[in-house]
Amino acid sequence: DAGESGNRHDRIRALIEMGESGDPRVVTPLVACCRDRDADVRRHATEALSKLRSGRAVSVLLERLGDRREQLATRQRAAAALAQLRTYSAVAGLKERLADTDEDEMIRTYVSEVMGRAGIR
């Protein structure tokens, strides 16, 4: 349906603009979009949250990182955002992914890399 794809395009453009806005008021709607049924909407919302660096996003970023059905790019963006935030719960969640031997090896390697770049041991 053309209307739906146009709406999707508009939503994604809005998510990108919210991420670039620097406005902390957009964190709440972005968190909600991280739970959208559309995988691309979730990816763009995660990307936008990573740019805003808000501690209020930690729990939803941990959800995206921990969801093994999520797109690899979204999971990686969530991991990078968590490493940038460096809150106790963000670091604990990253360490949990790293220690999970059932986790996808690409995710574990990426988590290790972003933790290293952020100086997290």
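Residues numbered from 1 in each chain as written. Predicted model: local features only at pLDDT ≥ 70, side-chain atom pairs only at ≥ 80, totals over all residues. Heavy atoms only, no water.

**Brief notes about the environment of Thr-46**
Link 1 in the chain: Mapped onto the elements, Thr-46 comes out in helix α3 (residues 39-52).
Link 2 in the chain: Remark: the alpha-carbon pair of Thr-46 and Thr-74, spanning 28 residues in sequence, is separated by 6.7 Å.
Link 3 in the chain: Every residue in contact with Thr-46, bar those within four places of it in the chain, is listed here: Cys-34, Leu-61, Arg-64, Thr-74, Arg-77 and Ala-78. (Helix = DSSP H or I, 4+ residues; strand = E, 2+ residues; numbered from the N terminus. Contact = heavy atoms within 4.5 Å.)

**Quick notes on α3**
Link 1 in the chain: For α3, spanning 14 residues, the distance from its first C-alpha to its last is 20 Å, which sits close to the expected 20 Å at 1.5 Å a residue.
Link 2 in the chain: The complete set of buried residues in α3 reads Val-41, Arg-42, His-44, Ala-45, Thr-46, Ala-48, Leu-49, Ser-50 and Leu-52.
Link 3 in the chain: If you check the start of α3, you find a side-chain oxygen 2.7 Å away from the backbone N of Asp-40, and it comes from Asp-38.
Link 4 in the chain: At the C-terminal side of α3, Arg-53 shows a positive phi close to 50°. (Expected span 1.5 Å × (residues − 1). Buried < 20%, exposed > 50% of the residue type's maximum accessible area, 1.4 Å probe, protein only. Polar contact = N/O pair within 3.5 Å; in protein donor to acceptor, adjacent residues only side chain to side chain.)

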